[in-house]
Number of protein chains: 2
Amino acid sequence: MKQPNRILGLLCLLLFAGGSKAQPGLNWTEVHPGIWKLTVGKPQRISLLSAAEATPNRRGLAELPKTAFPLDKAGISVKIVNQKTYLRFPLEREEQLFGLGLNFQTVNQRGRILNLHVDHYGGKDNGRTHAPVPFYVSSRGYGVLIDAARYLTVYAGTAVRTDTRNPPVLSDRNTDKKWSSQPYSDAVEVLVPADGATIYVFGGPTPMQVVQRYNLMNGGGYLPPKWGLGFTQRVPTLYSQTDILNEVKGFEAHNFPLDFIGVEPGWHSMAYPCTFEWDKTRFPNPKSFLDSLARRGVSANLWLNPYVSPTASLYPKIKPLAGSHTVWNGIVPDFTLPQARQAFKGHFMQQHLKLGVGGYKIDEVDGYDNWVWPDVATFPSGLEAEPMRQTYGLMVQTMTGSWFRELNKRTYGLVRASNAGASNFPYVIYNDYYSHKDFITALVNSSFIGVLWTPEVRASPSAEEWVRRMQSVCFSPMAMLNAWADGTKPWTFPEVEKAVTEVANLRMQLLPYLYSTFAQYHFEGKPPFRAMNLVEGFGFKPTTVAGTFDATANPYAMSIRKDIKDQYMMGDYLLVAPMFTGEKSRKVYLPAGKWYDFYTGKLVGENEEITINPSLDKIPLFVKDGGLIPMVPPRRQAPKPGEVLPLEVRHYGTLPGSFLLYDDDGVSFDYERGAYSFTRLSVIKDPNDPLKGQEITVPKGKPFGYSASVKWTFMSVGQ
Amino acid sequence: MKQPNRILGLLCLLLFAGGSKAQPGLNWTEVHPGIWKLTVGKPQRISLLSAAEATPNRRGLAELPKTAFPLDKAGISVKIVNQKTYLRFPLEREEQLFGLGLNFQTVNQRGRILNLHVDHYGGKDNGRTHAPVPFYVSSRGYGVLIDAARYLTVYAGTAVRTDTRNPPVLSDRNTDKKWSSQPYSDAVEVLVPADGATIYVFGGPTPMQVVQRYNLMNGGGYLPPKWGLGFTQRVPTLYSQTDILNEVKGFEAHNFPLDFIGVEPGWHSMAYPCTFEWDKTRFPNPKSFLDSLARRGVSANLWLNPYVSPTASLYPKIKPLAGSHTVWNGIVPDFTLPQARQAFKGHFMQQHLKLGVGGYKIDEVDGYDNWVWPDVATFPSGLEAEPMRQTYGLMVQTMTGSWFRELNKRTYGLVRASNAGASNFPYVIYNDYYSHKDFITALVNSSFIGVLWTPEVRASPSAEEWVRRMQSVCFSPMAMLNAWADGTKPWTFPEVEKAVTEVANLRMQLLPYLYSTFAQYHFEGKPPFRAMNLVEGFGFKPTTVAGTFDATANPYAMSIRKDIKDQYMMGDYLLVAPMFTGEKSRKVYLPAGKWYDFYTGKLVGENEEITINPSLDKIPLFVKDGGLIPMVPPRRQAPKPGEVLPLEVRHYGTLPGSFLLYDDDGVSFDYERGAYSFTRLSVIKDPNDPLKGQEITVPKGKPFGYSASVKWTFMSVGQ
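Being a predicted model, the structure only gives us computed values, none of them experimental.

**Student:** Is there a simple way to explain the interface of chain A and chain B in this structure?
**Tutor:** Where the parts come together, the accessible area they lose is often given as the size of the interface. In this assembly, 102 residues from chain A lie in contact with 101 residues from chain B. Applying the counting rule to chain A against chain B returns 4 salt bridges. Two residues, K84 of chain A and E386 of chain B, come together in a salt bridge whose shortest N-O distance is 3.2 Å. Run the count over chain A and chain B and you get 36 residue pairs in polar contact (both at pLDDT 80 or more). A per-element tally of the side of chain A that touches chain B places strand β16 (residues 322-327) of chain A first, with 4 residues. Tallied by class, the residues present in the side of chain A that touches chain B amount to 46 nonpolar, 32 polar and 24 charged.

Here it is as structure tokens:
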């Protein structure tokens, strides 16, 4: 090898921080209360947040407590070398890191390396996932977002610098049993393969408040239409309009909830690639089909992927606005071009939305690499393939979402790819991975990164798995049976039909609770389905179990860390602990405070790990002491505007409590202009009597779709 | 989203080729006969080949047939946009692609996407592997090498351009059963994340000649010392010098072959990170220990990883020459700096080589990401972490190899990472993955990319697996039992001790054949262990089996392609078809011409797939019609310089044949200065009599370590 050039040859725009002083030149600006922004180098033309186009919810942000910059600035380092940006943030001992994409197997990401890359999930938490959001939330109550539409590599407490002030303990693997293959690291390091990035730091002081700030900055969480929280069935691919109407009648006959129905690829005259045009054989009269559905109270959701078939009428318009490579013979619209969006809008508005289509399922915008455009693709706007990949899911969501908004009609659909800035999108993420347990972990993780996820049900090899999966999906953002390939129905396993119907009914009964929980997501930024780590009083400390040495299976004796990844909160009060097929008992980790069985009101424990042995017909649910659960009687569909429902409010435990019940018309965006009500439901405690009074304040605003006489049920009194 | 800038914003240095003309500005230079080079943009300071420092074997290259530029230049495209290089090469229908790194599960890479990245193998052929060589060999008889020390993404016939002249057939997934999730692609596309690269195109006309040119350009294959082809045992980590001497005596007592012994981390006074200094407790007198081994004819191979412990005497010298991050608390020498190499050389020469150490096992230079330096690391030479990762394995091989060469002493060791340009390196790759079947596929694939691979044996759950693994490893570049963790011995399963001893003895008997085969590697560039696809007359055409649709397991009905990946050639004549535990029979695909059982000489078939049911005590071996196999009697060790052995030459089948027997002193580099012999062994055919005569030409040159009277055995005569 030749004598290398000893001159560094580096373009060090900014130098590492020395000593305990902040790196000079890093000027953090507080852009919102408790949110600081720093732009370094030359950020790219399109970032994740610019593609997401969110409008911050300034009112919600203003209501969060003031907080100081939450990190030690001396521990933050930024440098740009050879068109790459190197970032470093400090870590304390015992600190846990959450987020960093929609992970399926792990919750605490500390100690992991992630290459954040929009992709289908391939079975490993390595950063390739449907929503590789470059945002992490620390257990110490702050968050960091790297807003760059690039394949970022994040070293989440793995990289160890020679100049660290907290070096790991030196030990000899020959003789020291405590030798670890993963020495202690005191930093998160990020490689951005671009000569600039925008960074946001979020204050807390709690992890929940960090997430709230993140979601509120991105517009606040999306508030689905009420029907979106009902049950949905997706029908087999080649179902005709008659087949689908019969399917709807089948749900009526079984008295099974159904609010919207998923119409799979067969509605296109050609699919993979797509025409976005109704197939005349299977759907001879789309308008009357959609009208018939509407008369039965059912909304239609149309499947698509955005790759335009040469046989589509859109093709000539999109051809000059498409990328250099095809996907399944379809051209790839460059949605950074307004003309491409406009062409889609014209067609979709005319052919779908104005006929009554309620939403879309946008498939195949994630990957995997073998499907979508390669990284060598080019696009007419000049945007490179990599940022196009990182933002395509965001762009199809903003684009389609804006059409419904223009009609003042809320939608709620499905998408396979998302990224940072998605909190306010009317979409739920799904995939084909189909591991029930890992689906629940994804639901847990979705709460850190401003996305929604559904553990959809397709088929199951047994009645037990069927009912367990149906129970979980009814406690998720979208209660969906996706029968595109199998034609399964909720009653496919007659031996558990009753239990399945019960849990679907229970979801319908919980609509007031669930809808208010989504309102919290929107107005306060609190995710509706929450990791336990976002719950105050959740005292679980991750324990690391020393790895068992195995010469071939684990030659480095890598340690295993325990995570709580199979239970979560739905809203403020309801703890959900799904059961998985083959398991007759499970452990549940209860946060501080007393917890009660949802079904019986009985005390089950407090601040401890309990073991439960639930029956097959119930999903384990627990309510916090003082928790209030507003419910309605079982019903097949979410209420339509103007409907007034009787309200039952259950109270659990012995403490007083309150619940902020939200309502609006359930379908339009009028709530953004003040047409909504918040109603305070309260249980108060008299000093001499455990639970004497209860009250309901007059609703602030309207509409308010509940009858004034509330039925109060004290679930734990007298037990 | 804001109105995007419609101006392309691209720096198109070179434009795509249009029509059927070659892209202007691409000036290919024939740098060696049948090898063309093209440099585009600004290649990086350090490339794979520059790190490998190979000297082309011009004499060997000159002996290959002249050939024209093997590709349609109009199908080659190069462009550089935003610091990235986009490459495209044409593909014909039915063309197969081999190589693209040390893959473990697939042979034909067409239809796959690989991100070539030095890493431990993680169970998927995705480009992350120990030798991610960016070189492919086409079944049409040409090769392409991208010489860039970057993480390259290769789309090996997956990307489909809108402007392709060979578009895939458009079909509707709704109704067309022939719809494929992977449409036809007529190109290999490569993304180089740097603003330049050097490209080599290799002519054939056969795939074998492509590989020969590649290997010869990189110095020709390495010729191991004779002892390197004997058996090697690696001892448990904490074995002392006494333990190791007892181990050697154990091999003597069992009359089991042993030529070199692997000394594991315990020889260091500290390991992970390493001191490279003998532990005074376990190795109180290294010199006498090594001398004792030498007296027993055994060479010592020392394990190491290159990360320097703060307790090492080398540490102060290396500290200013090391990277920004530590690996297991060890500093990472920047081996692009001559001072770092010099410091290592001084220590290693004095402390190891001059005491008699015969070689090294260089561990942990591959990854995985959690172990080695992160991509955010910086190095004092200014080389980025990414090219450092891609070349580190190459650099440790050239560096250590040069020390032995300076002493005129051949070495033969183990390394965990390599890359392009490695043909002449004295190292065999290994890993921890331990799948017997996949190990054999790696052996097959090693032949395309100029590296050696050993399917090492560690432990086994059964005697059957044990003997099957031992059989395979005896038909590989290094016959190794790696008992660092288990302390297993070849006779660990007494019920198969005889079969294991027999196969080890057979390897020793085959040394003349094997050594001559390695000489072919060196002088002609033919890999010693060869994929069937490199064999003339191998008529296998890959068949693609339509995927079975499964809503959850295979929702896109991906097809499966059959590869021949579990059999290979050792040299010109011997076909090896290893058996795997649990399998009582297997299929073997025989190339054109008649094939004979090695053990019995019986005809087994020709140009067909046969099914065999071999016994447990034999590894299936087949010899080509006219094949000659020179052998010696069973022996425990390879011959030392000056030894003269009796020679038996076996002939198989009914055709005449010949074999070029190579010999030299077996230990030094004197053969490079002419001190070697080639002897032509021939069986000739009289027109009236099937196999009448045989002859042995006088050896050209010397030494020649065989007695003049050859024993000829006609294995198939009279059958």
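**Student:** Explanation requested: the domain arrangement of chain A in the structure shown.
**Tutor:** All names here are of chain A. You can read the domains of chain A as domain 1 (3-217), domain 2 (231-489) and domain 3 (532-624). Look at where the C-alpha atoms of domain 1 and domain 3 centre, and you get two points 28 Å apart. On the side of domain 3, 13 residues touch domain 1, which itself brings 15 residues to the contact. Across the domain 1/domain 3 interface, buried area totals approximately 1,200 Å², and carbon plus sulfur atoms make up 50% of it. Three residues stand out in domain 1 for area buried against domain 3, namely Q96, V107 and R173, and they jointly supply 32% of the buried area on that side. Linking domain 1 with domain 3 are 0 salt bridges, by the criterion used here. Sort the elements by how many residues they give to the side of domain 1 that touches domain 3 and helix α3 (residues 207-217) lands first, with 3 residues. Considered class by class, the residues forming the side of domain 1 that touches domain 3 number 6 nonpolar, 7 polar and 2 charged.

**Student:** Would you mind showing me how to read the pattern of salt bridges here?
**Tutor:** Close approach of charged atoms allows side chains of opposite charge to pair. This structure, assessed with the given rule, holds 82 salt bridges over all chains. In this structure, D432 of chain A engages R416 of chain A in a salt bridge whose closest nitrogen and oxygen atoms are separated by 2.8 Å. Residue D432 of chain A is found in the loop between β20 (427-429) and α9 (436-446), and its partner R416 of chain A is found in the loop between β19 (413-415) and β20; the two are separated by 16 residues along the sequence. Each member of the pair, D432 of chain A as well as R416 of chain A, carries the same accessibility label: buried. One salt bridge connects D432 of chain B with R458 of chain B, and the closest N-O pair in it is separated by 2.6 Å. Of this pair, D432 of chain B sits in the loop between β20 (427-429) and α9 (436-446) while R458 of chain B sits in the loop between α9 and α10 (463-473); the two residues are 26 residues apart in sequence, bridging distant segments of the chain. Neither D432 of chain B nor R458 of chain B differs from the other in exposure class; each is buried. In this structure, a network of salt bridges that share partners links the residues D363, D366, R416, D432, E456 and R458 of chain A.

**Student:** Which parts of the structure should I look at to understand the pairing of strand β17 (residues 330-333) of chain A?
**Tutor:** Put simply, side chains in a regular strand alternate between the two faces of the sheet. Residues and elements named next belong to chain A. Both β16 and β17 contribute to a ladder of 3 bridges, which runs antiparallel. Across the sheet, residue A322 finds its bridge partner in β17, namely P333. Between the end of β16 and the start of β17, which pair antiparallel, lie 2 residues, with W328 showing a positive phi angle near 50°.

**Student:** Just checking my understanding: could you explain the packing of helix α4 (residues 241-253) of chain B against helix α5 (residues 286-295) of chain B for this structure?
**Tutor:** Describing two packed helices takes the angle between their axes plus the distance from one axis to the other. Residue and element names in this part refer to chain B. Between α4 and α5, the shortest axis-to-axis distance is 11 Å and the interhelical angle comes to 0°. By the angle between their axes, α4 is roughly parallel relative to α5. Contact residues: Q241, I244, L245 and V248 in α4; P286, S288, F289, S292 and L293 in α5. A per-class count over the contact of α4 with α5 returns 6 nonpolar, 3 polar and no charged.

**Student:** Help me understand the packing of α3 of chain A against helix α12 (residues 511-524) of chain A, please; the structure alone is not making it clear to me.
**Tutor:** All names here are of chain A. Their axes nearest at 8 Å, the elements α3 and α12 cross at an angle of 75°. The orientation of α3 with respect to α12, classified from their angle, is roughly perpendicular. Residues Q212, N215 and L216 of α3 lie in contact with α12, whose contacting residues are Y521, H522, F523 and E524. Of the residues assigned to the contact of α3 with α12, the class counts are 3 nonpolar, 3 polar and 1 charged.

**Student:** Before we go on, may I ask you to explain the UniProt feature "domain: DUF5110" (unreviewed entry) in chain A in this structure?
**Tutor:** According to UniProt, the feature "domain: DUF5110" (unreviewed entry) maps to residues 646-685 of chain A in the numbering used here. Strand forms 60% of residues 646-685 of chain A and helix 0%; the C-alpha atoms that close the span are 25 Å apart.

What counts, and at which threshold
- Once a new chain begins, its residue numbering starts again from 1 and follows that chain's sequence as written.
- Lettering for chains starts from A, numbering for ligands starts from 1, and both go in the order in which the items are written.
- Local features are withheld for residues below a pLDDT of 70 in this predicted model, meaning they are given only at 70 or higher, and side-chain atom pairs are given and counted only at 80 or more; totals for whole chains, interfaces and linings count all residues.
- Working from all heavy atoms in the structure, the side-chain values ignore hydrogens and water.
- Contact between two residues is taken to exist if any of their heavy atoms lie within 4.5 Å; hydrogens are not considered.
- Definition used for salt bridges: Asp or Glu carboxyl oxygen within 4 Å of a side-chain nitrogen of Lys or Arg.
- Two N or O atoms form a polar contact when they lie within 3.5 Å of each other; inside protein one atom must be a possible hydrogen donor and the other a possible acceptor, and for residues adjacent in sequence the pair counts only when both atoms belong to side chains.
- The helix and strand labels rest on DSSP assignments: H or I over at least four residues marks a helix, E over at least two residues marks a strand, and numbering proceeds from the N terminus.
- For this classification, the nonpolar set comprises Ala, Val, Leu, Ile, Met, Phe, Trp, Tyr, Cys and Pro, the charged set comprises Asp, Glu, Lys and Arg, and every other residue, Gly included, is treated as polar.
- Note that domain bounds follow an automatic or database assignment of domains.
- The quantity reported as buried area is the accessible area (1.4 Å probe) lost by two parts once they are put together, taken as the sum for both.
- For every residue, the accessible area obtained with a 1.4 Å probe (protein chains only) is divided by the maximum for its type, and the residue is called buried under 20%, exposed over 50%, and partly exposed between those limits.
- Each pair of strands is called paired provided DSSP finds at least two bridges between the two strands.
- Only the stretch in contact is used when a helix axis is fitted, and all axes are lines through C-alpha atoms; the angle between N-to-C directions ranges over 0 to 180 degrees.
- Roughly parallel covers angles under 35 degrees, roughly antiparallel covers those over 145, roughly perpendicular covers 65 to 115, and oblique covers all other angles.
- UniProt positions are given in the numbering used here, feature names are shortened, and annotations may be inferred rather than shown by experiment.

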